[in-house]
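Chain by chain, the residues run as shown.
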Amino acid sequence: MDVNCQRLDKSHVKALLRLSAADGFPYRLTQAAAALYCRDKSPSLEGAQTYGIFADNMLVSVMTATFCPVFPCGDSPSGRIVHISGAYTLPAYRHRHHATALLTKIQAEAEIFGADYLCCDSTADGLYLRFGMEPTAAHETRMWKKLSRNKEAQA
């Protein structure tokens, strides 16, 4: 199924507020919080960005990514990671690969950011394992995926 993932911007605040009122959404957002999630930042900048998929003229699936600086080290020479959180899909729209499409979009923007890793803390490990992420240790909910970056594109 071909879906259109997009960065949420200020025009999507009301749609995100409606989605946050759905059964099973982790918490109801305030207007101010929704505005923070809907800011359409450049993928080359630090900060949080929420991505969404629309179907039937409504927001049906979201995932948030935080583009973070970390201390550069052997495993993360760029000192940049992208942390995935806030994933939710309306029950009627599940099992349509929306989360995989959102992860794919986030990974592409993580590569623009120059991140060494995608990471998340989740018990939805099946989704993240299928996407190529691995637990950081046995019995951990923290998962990561090393990104292969084109060194010439970074120069």
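Residues numbered from 1 in each chain as written. Predicted model: local features only at pLDDT ≥ 70, side-chain atom pairs only at ≥ 80, totals over all residues. Heavy atoms only, no water.

Visitor: Residues and numbers for the overall build of the protein, please.
Guide: The helix and strand tally for the protein stands at five helices and seven strands. Mapped in sequence order, the helices and strands of the protein form the string β-α-α-β-β-β-α-β-α-β-β-α. C-alpha atoms of the protein, sized along the principal axes, occupy 45 × 35 × 30 Å. Taken across its 155 residues, the protein has 43% of its residues classed as buried. Partitioning the intrachain contacts of the protein with sequence separation of at least 6 by distance along the chain shows that 59% fall at a separation of at least 24. Looking at the protein as shown, the accessible area adds up to about 8700 Å², and 53% of this sits on carbon and sulfur atoms. (Helix = DSSP H or I, 4+ residues; strand = E, 2+ residues; numbered from the N terminus. Buried < 20%, exposed > 50% of the residue type's maximum accessible area, 1.4 Å probe, protein only. Contact = heavy atoms within 4.5 Å. Areas by Shrake-Rupley, 256 points an atom, 1.4 Å probe, with all protein chains shown as cover.)

Visitor: Would you mind going over unusual backbone geometry in detail, with residue names and values included?
Guide: Positive phi, normally seen in glycine, also occurs at Asp 56, with a value near 50 degrees. Among the secondary structure elements, Asp 56 is positioned in the loop between β2 (47-55) and β3 (58-69). One non-glycine residue, His 95, lies in the positive phi region at around 65 degrees. Within the secondary structure, His 95 is located in the loop between β4 (80-89) and α3 (98-113). According to the relative accessible area criterion, His 95 is exposed, its value standing at 80%.

Visitor: If you had to explain the sheet that holds strand β7 (residues 142-146) to someone new, which residues and values would you point to?
Guide: The strands making up a sheet associate through backbone hydrogen bonding, with each pair oriented either parallel or antiparallel. Taken together, seven strands build an open sheet; the order of strands is β1-β2-β3-β4-β5-β7-β6 and the sheet is mixed. Only two strands of the sheet have a single partner each, and these edge strands are β1 (5-7) and β6 (134-135). For β4 and strand β5 (residues 117-121), the ladder comprises four bridges, and the chain directions are parallel. Across the sheet, the residue bridging to Ile 84 is Cys 120, located in β5. In the packing of helix α1 (residues 13-20) onto the sheet, the strands contacted are β2, β3 and β4, and the crossing angle to β3 comes to about 105 degrees. With respect to the sheet, α3 is in contact with β1, β2, β3, β4, β5 and β7, its orientation differing from that of β3 by roughly 30 degrees. (Pairing = 2+ DSSP bridges. Axes fitted to C-alpha atoms, helices over the stretch in contact; angles between N-to-C directions.)

Visitor: Go over the pattern of salt bridges, please, and point to the residues and values.
Guide: In the structure shown here, the tally under the stated rule is four salt bridges. In this structure, Asp 40 engages Arg 7 in a salt bridge whose closest nitrogen and oxygen atoms are separated by 3.1 Å. With Asp 40 in the loop between α2 (31-37) and β2 and Arg 7 in strand β1, the pair connects residues that are 33 residues apart, well separated along the chain. A relative accessible area of 35% places Asp 40 in the partly exposed class. (Salt bridge = Lys/Arg side-chain N within 4 Å of Asp/Glu carboxyl O.)

Visitor: I'd love a proper account of the side chain of Gln 49, names of residues and values included.
Guide: Residue placement: Gln 49 occurs in strand β2. With relative accessibility at 0%, the residue Gln 49 sits in the buried group. In this structure the side chain of Gln 49 is engaged in a polar contact, spanning 3.1 Å, whose partner is the backbone oxygen of Leu 8. At 3.2 Å, the side chain of Gln 49 and the backbone nitrogen of Asp 40 are in polar contact. Once residues lying within four places of it in the same chain are set aside, the contact partners of Gln 49 are Arg 7, Leu 8, Tyr 37, Arg 39, Asp 40, Lys 41, Met 63, Thr 64, Ala 65 and Phe 67. (Polar contact = N/O pair within 3.5 Å; in protein donor to acceptor, adjacent residues only side chain to side chain.)

The values reported here are purely geometric and, on their own, carry no functional implication.
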